[in-house]
Amino acid sequence: MIRVKYNQNSSLVEGYFPKSIRYNKNKINHKRKTIDDSPYIEITANKHQANIGKNMCVINGIYQEYKIPKTELITEAKKTKSKEVEQFRKVLQFQSIAYKKLKLSTSKMARQNMLTIVSANKPSNTKYYWQDETGKTQSFTINDFKESLKKIANQDSKLYFIEAQINAEIFRNKNLANIQKLKIKERWKSHDKNYTKKH
């Protein structure tokens, strides 16, 4: 026979203790049927062998495979879907912006360099040389950088707003299948249209 130690709160199995082995480092109470103050039941070696590799638990004294509660599945599905929304937003967030018929990078480094230039308190007509997305060098003034940063900020604001709207949909949803099949690209496109109409 094999003693199966399990967690009284989660019901999950915490260890197996064959009777044929002496466990000097573990406190086994035969009367209370506990191992190190956690309860245990006894099963046959065959039963143990038949369930190797499965996530097992003990519920009402019955040794069985653990089934994740539906509430947990829904919670995890929401977290996973929300992470997908975040990744989708990040891809859009660092796409180039259009400024004066040019395509400009919105990478973290580009943003930081623009902020550094704008914060230097140089005259507004001070000229800088800046590469566009094609690698061509363009002549920019402080005002050009300010306008570019403004466009980036507006774009970020829109993206974070849409992300929040889709997340609200996800976390309101109580149906596991609906959460899992929610298509981020389609929902984003729909919210983007609504945002454009209102702004």
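The rules behind each value
- Residues numbered from 1 in each chain as written.
- Predicted model: local features only at pLDDT ≥ 70, side-chain atom pairs only at ≥ 80, totals over all residues.
- Heavy atoms only, no water.
- Core = buried A, V, L, I, M, F, W, Y, C linked by side-chain atoms within 4.5 Å.
- Buried < 20%, exposed > 50% of the residue type's maximum accessible area, 1.4 Å probe, protein only.
- Helix = DSSP H or I, 4+ residues; strand = E, 2+ residues; numbered from the N terminus.
- Contact = heavy atoms within 4.5 Å.
- Axes fitted to C-alpha atoms, helices over the stretch in contact; angles between N-to-C directions.
- Parallel < 35°, antiparallel > 145°, perpendicular 65-115°, else oblique.
- Left-handed = near helix turned anticlockwise from the far one by under 90°.
- Polar contact = N/O pair within 3.5 Å; in protein donor to acceptor, adjacent residues only side chain to side chain.
- Pairing = 2+ DSSP bridges.
- Salt bridge = Lys/Arg side-chain N within 4 Å of Asp/Glu carboxyl O.
- Patch = residues over 30% accessible without salt bridge, like charges linked within 9 Å, V, L, I, M, F, W, Y side chains within 5 Å.
- Areas by Shrake-Rupley, 256 points an atom, 1.4 Å probe, with all protein chains shown as cover.
- Lys, Arg positive; Asp, Glu negative; His and termini not counted.
- Charge placed at Lys NZ, Arg CZ, Asp CG, Glu CD.
- Phe/Tyr/Trp six-rings, centres within 6.5 Å; stacked < 30°, edge-to-face > 60°.
- Lys NZ or Arg CZ within 6 Å of the ring centre and 35° of its normal.

Novice: What should I look at first to understand the nonpolar core in this one?
Specialist: Membership of the largest hydrophobic core comes to 14 residues, with the highest contact counts inside it found for Leu104, Met114, Ile117, Tyr128, Trp130, Phe140 and Phe145. Of all the secondary structure elements, the ones that give two or more residues to this core are strand S8 (97–99), strand S9 (102–104), helix H3 (108–118), strand S10 (127–131) and helix H4 (142–172). Contact partners of tyrosine 128, with chain neighbours within four places excluded, come to Ile117, Lys122, Gln138, Ser139, Phe140, Ile142 and Phe145. The next biggest cluster of nonpolar side chains, apart from the first, holds 12 residues, and it includes Val85, Ile162, Ile179 and Trp188.

Novice: What exactly am I supposed to notice about the packing of helix H2 (residues 70–93) against H4 here?
Specialist: For any two helices packed against each other, the geometry comes down to the angle between their axes and how far apart the axes lie. The geometry of H2 relative to H4 is characterised by a closest axis approach of 10 Å and an angle of 165 degrees between their N-to-C directions. Taken together, H2 and H4 sit at an angle that is classed as roughly antiparallel. In terms of crossing hand, the pair formed by H2 and H4 is right-handed. Side by side, H2 and H4 meet where Lys78, Lys81, Ser82, Val85, Glu86, Arg89, Leu92 and Gln93 of the first sit next to Gln155, Asp156, Leu159, Tyr160, Glu163, Ile166, Asn167, Ile170 and Phe171 of the second.

Novice: Looking at this structure, how should I read the environment of glutamate 186?
Specialist: If you trace the backbone, glutamate 186 turns up in helix H6 (residues 184–198). Here the alpha-carbon distance between glutamate 186 and serine 105, two residues 81 residues apart in the chain, equals 26 Å.

Novice: Mind showing me how you'd approach the side chain of threonine 106 here?
Specialist: As for its placement among the helices and strands, threonine 106 is situated in the loop between S9 and H3. Looking at threonine 106, the relative accessible area reads 0%, which means it is buried. Engagement of the side chain of threonine 106 in a polar contact is seen with the backbone oxygen of glutamine 93, the distance being 3.3 Å.

Novice: Before we go on, may I ask you to explain the sheet that holds strand S4 (residues 34–35) in this structure?
Specialist: The strands that make up a sheet are held in pairs by hydrogen bonds between backbone atoms, and each pair lies either parallel or antiparallel. With antiparallel pairing, 5 strands are arranged side by side in an open sheet as S2-S1-S5-S4-S3. In the strand order of this sheet, the two ends are held by strand S2 (13–18) and strand S3 (28–29), each with one partner. Two elements, strand S1 (residues 2–6) and strand S5 (residues 38–43), share 4 bridges in a ladder whose sense is antiparallel. Among the inter-strand pairings, valine 4 is bridged to a residue of S5, identified as isoleucine 41.

Novice: So what exactly am I meant to see when it comes to the pattern of salt bridges here?
Specialist: Here the idea is simple: oppositely charged side chains can pair when their charged atoms come close. With the rule as written, the count across this model stands at 12 salt bridges. Where aspartate 37 meets lysine 27, a salt bridge forms, and the shortest distance between an N and an O atom there is 3.4 Å. Of the two residues, aspartate 37 sits in the loop between S4 and S5 while lysine 27 sits in the loop between S2 and S3, which places them 10 residues apart along the sequence. For aspartate 37, a relative accessible area of 49% puts it in the partly exposed group. A relative accessible area of 51% places lysine 27 in the exposed class. In this structure, lysine 158 engages aspartate 192 in a salt bridge whose closest nitrogen and oxygen atoms are separated by 3.2 Å. Here lysine 158, found in helix H4, pairs with aspartate 192, found in helix H6; they are 34 residues apart in sequence, far enough to count as distant. Using a relative accessible area of 23% as the deciding quantity, one classes aspartate 192 as partly exposed. Several salt bridges share partner residues, and in doing so they unite Lys83, Glu86 and Lys90 into one network.

Novice: Would you explain a positive patch on the surface in this entry?
Specialist: A cluster of basic residues, Lys185, Lys189, Lys193 and Lys197, forms a positive patch on the protein surface. Relative to the elements of secondary structure, lysine 185 occurs in helix H6.

Novice: Could you clarify how one ought to interpret the pairing of S10 in this entry?
Specialist: For a regular strand, the rule is simple: side chains alternate between the two faces of the sheet. Only one face of S10 is buried: it carries Tyr128 and Trp130, and the other face, with Lys127, Tyr129 and Gln131, is open. Strand direction decides the pairing type here: S10 and strand S11 (residues 137–141), joined by 5 bridges, are antiparallel. Residue pairing across strands places tyrosine 128 opposite phenylalanine 140, the latter belonging to S11. Where S10 folds back onto S11 in an antiparallel hairpin, the turn is made up of 5 residues, including glycine 135, whose phi is positive at roughly 95 degrees.

Novice: Mind showing me how you'd approach the packing of aromatic side chains here?
Specialist: Given two aromatic rings, their pairing is described by the distance between the two centres and the angle made by the two planes. Taken as a whole, this structure holds 8 aromatic pairs when the rule is applied. Between the aromatic rings of tyrosine 128 and phenylalanine 145, the centroid separation amounts to 5.9 Å while the plane-to-plane angle is 75 degrees, which identifies the pairing as edge-to-face. Residue tyrosine 128 is located in strand S10, and its partner phenylalanine 145 is located in helix H4; the two are separated by 17 residues in the primary sequence. Given the relative accessible area of 19%, tyrosine 128 is considered buried. Among the residues examined, phenylalanine 145 registers a relative accessible area of 0% and is labelled buried. Ring geometry for phenylalanine 140 versus phenylalanine 145: centroids 5.3 Å apart, planes at 55 degrees, classification tilted. Counting every residue linked through ring pairs, the aromatic cluster contains Tyr99, Tyr128, Trp130, Phe140 and Phe145. Looking at arginine 3, its charged tip hangs above the ring of tyrosine 40, at a distance of 5.9 Å from the centre.

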